[in-house]
Amino acid sequence: MLRYIIRRLLLLPLVMVGVTFLLFLLTQRLSPEMRASLYVRDARQMGALEEVISQYGLRDPVLKQYGRWMKNVIKGDLGYSPSANMPVAKAIKEYLPATIQLAVVTMLLVVFFGVWFGASSAVHKDKWQDTLVRLVSVGGFSLPIFVLGLLLLMVFYGKLGWFSPGGYSFQTDLIIHGVSFKTYTGFLLIDSLLNGQFRVFVDVLSHLVLPAVTLCIGSFALMVRVMRSSMLEELNKEYVRSARAKGLYERQVIYKHAGKNAIIPVITLASIQFIRLLGGTVIVETIFDYPGIGRFGVLAAQQLDIAGILGFSLMVAVLFVVGNLLSDILYTAVDPRIRLE
Amino acid sequence: MSVSPILEVRNLQISFVEQNRNRLVLRGLSYSLEKGRVLAVVGESGSGKTVHALGLLSLLPAAARISGGEVRYKGQNLLACSAEQLRQIRGAKIAMIFQDPSASLNPVLTVGQQLIETLRAHESISKEEAARKAIELLDKVGIPNPEKRLDEYPFQFSGGMCQRVMIAMALALKPDILIADEPTTALDVTIQAQILRLMKDLQQEYGMAVIFITHNLALAAAIADDVLVLYGGLCMEQAPAEKLFTHPLHPYTQGLLGSLVSVSRKTEHLPAIPGNPPIAGEPLPGCPFAPRCSQATEKCSQKLPPLFAKGSCYVRCWLEEPHGSTH
Ligand SMILES: Nc1ncnc2c1ncn2[C@@H]1O[C@H](COP(=O)(O)OP(=O)(O)OP(=O)(O)O)[C@@H](O)[C@H]1O
Ligand SMILES: [Mg+2]
């Protein structure tokens with residue numbers, strides 16, 4: 001097990017280099033002047049372009065430039081992001097926790113309701129419960145995320161005023177940037193509790209509701225389907241029949257026997273969805289003005305902020321490898337037949 | 001003096017619903033099983049052996065319907081029981097083991113968990129006590145090192161070992177009846193013999209009645225007191241084992257025995273019964289075996305013979321029609 005984890009972590013640098021080198025090659029399609037101009041704000045300094053180019057060695061061979069970037073990355077310096085107006089590393093540290101928070105809450109909702117609805121839909125196959133769940137999940141599939149997001153915003157912010165956009169309220173902003181608020185983890189949901197600021201916790205959580213629900217719907221629809229078909233398949237297996245023949249209670253047969261097997265594909269799907277959420281909540285973060293990493297990535301891409309793009313992709317690559325590793329470990333907890341070697 | 005039977009099956013009919021059409025696969029089966037006796041149910045693939053066994057405990061797949069009949073266990077009709085009554089009988093009074101032992105165990109639960117939950121579904125005992133009993137049971141069915149094996153998963157067991165576990169589970173509550181559906185078919189020959197030996201020993205020790213389902217007449221001969229021959233969902237012949245193997249009455253049974261003997265004599269040429277078993281769903285008006293029967297007459301393909309009693313035997317064949325009958 002430990003050897004497996006180490007082996008997989010050794011793979012990490014390879015993936016990181018692969019992803020970033022490809023992107024680096026692409027950025028070379030831009031002329032050195034264009035790349036330099038990103039760092040030149042003032043029109044009067046346009047004459048200084050050559051200076052910037054030579055200072056940063058933008059005319060050097062690709063490999064040399066890439067090597068220089070990599071060396072800095074190893075030192076922890078991801079460069080400066082003009083689009084975020086701060087170092088890339090700082091931007092990630094600031095925006096990533098908010099996105100992880102959103103992704104975790106979303107996945108908790110997706111897995112909990114997806115497994116519950118999917119399983120009961122399978123158990124009550126072709127009865128009204130099943131029909132209802134299938135209708136809801138088809139609806140979830142076909143509703144574009146931005147339409148749902150805007151609808152929710154209109155109703156719950158515009159009409160009812162229950163929730164508001166953004167990451168937190170103005171009062172929370174004052175508290176968390178005050179001197180007495182200590183940052184332990186960067187995750188506001190956790191830090192607020194550690195600081196004993198329960199109102200901040202509630203405020204942050206309430207700002208998570210609308211984006212999380214919006215993100216949920218599509219993933220939820222898929223999750224319900226996977227759980228339903230997986231459960232139907234398991235319920236038809238022979239061990240279920242022999243569990244009944246042993247005189248077990250029906251709920252033992254369904255949840256303990258079939259359920260534990262049916263959940264296995266759900267883990268794969270959930271980890272894929274989770275990793276995708278980490279890199280791809282762009283639309284929702286934009287609609288709800290949520291201060292997450294997706295917005296940072298989009299801004300960087302729009303403004304050809306090369307350091308920002310590279311840093312963002314590097315982060316996604318790392319999350320991808322680590323996320324997959326975690327899901328592999330989770331697997332072994334559920335399925336004894338899987339041994340990580 | 002006749003003992004009252006522990007299980008009585010009366011005119012059991014089972015059909016599958018397919019595209020708004022009922023396909024009768026068990027066409028009225030009746031027999032009774034006495035305490036401590038072994039009844040072999042023999043038949044070719046598709047003759048309805050498994051469906052009949054599942055029907056006894058209402059374990060049929062959703063597409064199947066029990067369209068008639070009764071299954072009386074100690075006088076109680078199992079087909080009219082509530083779900084909870086049925087649950088209390090399953091596993092505790094009537095246990096069942098299946099053809100594919102590896103698929104019959106849950107892959108993600110340990111063997112111990114599966115044994116313990118069986119015990120605890122029927123008896124209020126602590127986990128520790130159940131675990132102790134489980135170890136005893138594994139030991140009893142000949143699994144070496146039972147304390148250690150208890151925490152292992154089914155995939156760590158061979159097919160034969162899985163079937164031993166299934167037997168341990170079936171015997172856990174000392175049932176009155178054990179239904180064994182081709183318990184050795186999926187195993188290789190040496191293991192088959194061991195499992196059969198084990199079943200026979202335990203049957204005698206516990207005094208259980210056994211319904212032993214098989215397509216292999218040799219196995220039936222090795223274990224059974226009575227034999228019931230099933231063909232196309234109908235009982236063709238039922239007789240005490242010694243009678244059936246020495247004086248088979250039905251041409252189908254004779255054919256089956258003929259092919260069996262020739263195999264044991266290792267002849268080159270294997271005289272199988274010509275033709276194929278009936279395609280279920282198109283029940284012929286007459287005897288289902290008539291198309292393959294060398295002695296069939298006009299009457300055989302037109303009218304289904306009833307079961308004629310001949311001493312302690314029953315046979316469904318016009319050739320055995322008692323003389324002087326009004327038919
Ligand atoms: N799930 C099912 N759906 C539809 N028909 C079925 C189903 N299970 C069994 N049958 C039909 O019921 C009939 C009897 O099948 P059954 O499984 O009882 O045969 P069997 O005697 O046990 O054969 P085998 O030796 O192959 O196990 C067959 O014609 C089969 O096609
Ligand atoms: Mg069968």
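Residues numbered from 1 in each chain as written. Chains lettered and ligands numbered in written order. Predicted model: local features only at pLDDT ≥ 70, side-chain atom pairs only at ≥ 80, totals over all residues. Heavy atoms only, no water.

### Some thoughts on the overall build of chain B
Per the secondary structure count, chain B includes 11 helices and 12 strands. Relative to the compact-globule value of 20 Å for 327 residues, chain B shows a C-alpha radius of gyration of 21 Å, a close match. Counting only C-alpha atoms and orienting by the principal axes, one finds that chain B spans roughly 65 × 50 × 50 Å. A total of 327 residues make up chain B; the buried ones form 52% of that total. Once local pairs closer than 6 in sequence are excluded, the contacts in chain B between residues at least 24 apart make up 64%. Carbon and sulfur atoms make up 51% of the accessible area of chain B, which amounts to about 14800 Å² in all. (Helix = DSSP H or I, 4+ residues; strand = E, 2+ residues; numbered from the N terminus. Rg over C-alpha atoms; globule rule 2.2 N^0.38 Å. Buried < 20%, exposed > 50% of the residue type's maximum accessible area, 1.4 Å probe, protein only. Contact = heavy atoms within 4.5 Å. Areas by Shrake-Rupley, 256 points an atom, 1.4 Å probe, with all protein chains shown as cover.)

### Points about the site of ligand 1
Residue and element names in this part refer to chain B. The local shell around ligand 1 holds 15 residues, among which Ser-45, Gly-46, Lys-49, Thr-50 and Val-51 are the closest. Within the contact set of ligand 1, an oxygen atom lies 3.3 Å away from a backbone nitrogen or oxygen of Ser-47. The contact in question runs from an oxygen atom of ligand 1 to an N or O atom on the side chain of Lys-49, over 2.9 Å. In isolation ligand 1 has 630 Å² of accessible area, and contact with the protein removes 68% of it. (Near = heavy atom within 4 Å. Polar contact = N/O pair within 3.5 Å; in protein donor to acceptor, adjacent residues only side chain to side chain.)

### Some remarks on helix 14 (residues 293–302) of chain A
Residue and element names in this part refer to chain A. Turning to helix 14, its buried residues number three or more, namely Ile-293, Gly-294, Phe-296, Gly-297 and Ala-300. Buried residues along helix 14 cover an arc of 160° about the axis, so they all sit on one side. On its buried face, helix 14 is in contact with strand 1 (80–81), helix 5 (88–123), helix 12 (250–279), helix 13 (282–287) and helix 15 (306–334). One or two steps after helix 14, the chain reaches Leu-304, where phi turns positive at roughly 50°. (Arc of directions from axis to C-beta.)

### Description of the pattern of salt bridges
Under the counting rule described, the total for this entry stands at 30 salt bridges over all chains. Across the pair Arg134(A) and Asp126(A) runs a salt bridge whose closest N-O atoms are separated by 3.9 Å. Judged by relative accessible area, which is 39%, Arg134(A) ranks as partly exposed. Residue classification places Asp126(A) among the exposed positions, given a relative accessible area of 54%. With its nearest N and O atoms 3.3 Å apart, the salt bridge here joins Arg10(B) to Glu8(B). (Salt bridge = Lys/Arg side-chain N within 4 Å of Asp/Glu carboxyl O.)

### Remarks on the domain arrangement of chain A
All names here are of chain A. For chain A, the assigned domains are domain 1 (15–81) and domain 2 (86–334). Inter-centroid distance (C-alpha atoms) of domain 1 to domain 2 is 35 Å. Contacts between the two partners involve 18 residues from domain 1, matched on the other side by 19 residues from domain 2. Buried surface at the junction of domain 1 and domain 2, both sides included, amounts to about 1600 Å², of which 79% is carbon and sulfur. (Domains from an automatic or database assignment. Buried area = accessible area lost by both parts, 1.4 Å probe.)

### Here's the deal with helix 7 (residues 159–171) of chain B
Residues and elements named next belong to chain B. In this model, helix 7 (13 residues) spans 18 Å end to end at C-alpha, consistent with the 18 Å of a helix rising 1.5 Å per residue. For helix 7, a buried count of 11 out of 13 residues is recorded, marking the element as mostly surrounded by other parts of the structure. Looking at helix 7, one finds that the buried residues are Gly-160, Cys-162, Gln-163, Arg-164, Val-165, Met-166, Ile-167, Ala-168, Met-169, Ala-170 and Leu-171. (Expected span 1.5 Å × (residues − 1).)

### Describing the state of the cysteines
Residue and element names in this part refer to chain B. Applying the stated criterion across every chain, the model contains zero disulfides over all chains. Cysteine Cys-300 shares no disulfide, and the gap to the nearest cysteine sulfur, in Cys-317, comes to 6.0 Å. Residue class for Cys-300 comes out buried when judged on its relative accessible area of 7%. (Disulfide = S-S within 2.5 Å.)

### Concerning the interface of chain B and chain A
It is common to give the size of an interface as the accessible area lost on bringing the parts into contact. Contact residues are listed per partner, giving 26 residues for chain B and 21 residues for chain A. Contact between chain B and chain A buries roughly 2100 Å² in total, counting both sides, with carbon and sulfur atoms accounting for 60%. One can count two salt bridges joining chain B with chain A. Lys256(A) is paired through a salt bridge with Glu117(B); the nearest N and O atoms lie 2.9 Å apart. At the junction of chain B with chain A, the criterion picks out 13 residue pairs in polar contact (both at pLDDT 80 or more).

### Things to note about the pairing of strand 7 (residues 177–181) of chain B
All names here are of chain B. The buried fraction of strand 7 is high, at five of five residues. With burial as the criterion, each face of strand 7 is covered, one bearing Ile-177, Ile-179 and Asp-181 and the other bearing Leu-178 and Ala-180. With four bridges connecting them, strand 6 (residues 94–97) and strand 7 associate as parallel partners. Opposite Met-96, over in strand 7, you have Ile-179 as the bridge partner. Here five bridges tie strand 7 to strand 8 (residues 209–214), and the two strands are oriented parallel to one another. The partner of Ala-180 across the bridge, within strand 8, is Phe-212. In the classification by handedness, the crossover that spans strand 7, the intervening helix 8 (residues 189–206) and the parallel strand 8 is right-handed. (Pairing = 2+ DSSP bridges. Right-handed = clockwise from strand over helix to strand, strands pointing away.)

### Overview of the sheet that holds strand 5 (residues 76–77) of chain B
Residue and element names in this part refer to chain B. Taken in spatial order, the four strands line up as 2-1-4-5 in an open sheet, and their pairing is antiparallel. Looking at strand neighbours, the two that pair on one side only are strand 2 (21–33) and strand 5, the edges of this open sheet. When strand 1 (residues 7–18) meets strand 2, the two strands line up antiparallel, connected through 10 bridges. Each bridged residue has a counterpart across the sheet, and for Leu-7 the counterpart in strand 2 is Leu-33. Where helix 1 (residues 49–56) meets the sheet, its contacts fall on strand 1, strand 2 and strand 4 (64–73), and the angle it forms with strand 1 comes to roughly 115°. (Axes fitted to C-alpha atoms, helices over the stretch in contact; angles between N-to-C directions.)

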